[in-house]
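Working through the structure, step by step
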Amino acid sequence: MSPRREATKQKLFEATLRLASTRGLVGLTVDDIAAEAGVAKGTVYYNFGSKDGLVDALLRYGVGLLSDRLRAAVSDDDPLEVLESQVDAALEFIAEYPGFSQILVSEMWRTPGQWHETLTLLREEIISIVKEQLQRIDDAGRLPPGVRIPTAAAGLFGTMLVVALDWQVFQPQRTRADVRDSVMILVRGMGS
């Protein structure tokens, strides 16, 4: 993808997040998004075909950014420390894109809507990264017997999203490190 097209995609991504964080996705129009991004309405249609195409692509784009950050945190270090780095990377991403967390929470767990199929795939992408790390922790003998890794991964993903959203909306004075440490207290409790 050309740098110019990537920059346009980023502008549309950020504009959609800003608008969706206050109005939700359903009420947005292509005109609203184009105006917020400072581009012509035709730019949206040229790049995405429709508002639904734009939202679908931007959901994929945002989860791709988050996935990249979670994968970048993986190393050969202690698996629990790597998980802590992943939690921190997720919190950093959500602090940078608070509207994205709001969209995921509101759209992912509501009655299946327009973007349910896309969100299901994206949820699986993130959860698979978390599952891999929990499996490393289990392989190191540090998860209690009987922990179902798929369920624990889904729980940790949901915890990260909801805690990050709570932090952004209700406790913005807290530091990211404090929020990360709170999540890790819960995680470490699994291995006690």
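Being a predicted model, the structure only gives us computed values, none of them experimental. (Residues numbered from 1 in each chain as written. Predicted model: local features only at pLDDT ≥ 70, side-chain atom pairs only at ≥ 80, totals over all residues. Heavy atoms only, no water.)

At a closest axis distance of 4 Å, the pairing of helix α5 (residues 79-96) and helix α6 (residues 98-108) adopts a crossing angle of 105°. By the angle between their directions, the pair α5 and α6 is classed as roughly perpendicular. Side by side, α5 and α6 meet where Phe-93, Ile-94, Ala-95 and Glu-96 of the first sit next to Pro-98, Phe-100 and Ser-101 of the second. (Axes fitted to C-alpha atoms, helices over the stretch in contact; angles between N-to-C directions. Helix = DSSP H or I, 4+ residues; strand = E, 2+ residues; numbered from the N terminus. Parallel < 35°, antiparallel > 145°, perpendicular 65-115°, else oblique. Contact = heavy atoms within 4.5 Å.)

Turning our attention to the UniProt feature "DNA-binding region" (unreviewed entry) in the protein chain. Mapped onto this numbering, the UniProt entry gives "DNA-binding region" (unreviewed entry) at residues 29-48. With 80% helix and 0% strand, residues 29-48 has its two end C-alpha atoms placed 13 Å apart. (UniProt positions renumbered as here; feature names shortened; annotations may be inferred.)

Next up on the list: the pattern of salt bridges. This model, assessed by the stated rule, comprises 14 salt bridges. Glu-36 is the partner of Arg-18 in a salt bridge, and the nearest nitrogen-oxygen pair spans 2.7 Å. Of this pair, Arg-18 sits in helix α1 (residues 3-23) while Glu-36 sits in helix α2 (residues 30-37), and the two are 18 residues apart along the sequence. Its relative accessible area of 40% is what places Arg-18 among the partly exposed residues. According to the relative accessible area criterion, Glu-36 is partly exposed, its value standing at 34%. (Salt bridge = Lys/Arg side-chain N within 4 Å of Asp/Glu carboxyl O. Buried < 20%, exposed > 50% of the residue type's maximum accessible area, 1.4 Å probe, protein only.)

The full count for this structure, using the stated rule, is three aromatic pairs. Joined through ring pairs, the aromatic side chains of Phe-13, Tyr-61, Phe-93 and Tyr-97 make up one cluster. (Phe/Tyr/Trp six-rings, centres within 6.5 Å; stacked < 30°, edge-to-face > 60°.)

So, about helix α4 (residues 51-72). Taking 1.5 Å per residue as the helical rise, α4 with its 22 residues ought to reach 32 Å, and the 31 Å between its terminal C-alpha atoms agrees with that figure. N-capping of α4 is provided by Ser-50, with a side-chain oxygen placed 3.4 Å from the backbone N of Asp-52. (Expected span 1.5 Å × (residues − 1). Polar contact = N/O pair within 3.5 Å; in protein donor to acceptor, adjacent residues only side chain to side chain.)

So, on to the environment of Val-187. Counting through the fold element by element, Val-187 comes out in helix α9 (residues 176-190). Among residues more than four places away in sequence, those in contact with Val-187 are Leu-80, Leu-83 and Leu-156.

Here Glu-84 lies in helix α5. Looking at Glu-84, the relative accessible area reads 18%, which means it is buried. Contact partners of Glu-84, with chain neighbours within four places excluded, come to Arg-180, Asp-181, Met-184 and Arg-188.

With that settled, the discussion passes to the environment of Thr-29. Along the polypeptide, Thr-29 turns up in the loop between α1 and α2. Each C-alpha atom of the pair Thr-29 and Thr-16 lies 9.8 Å from the other, and the pair is 13 residues apart in sequence.

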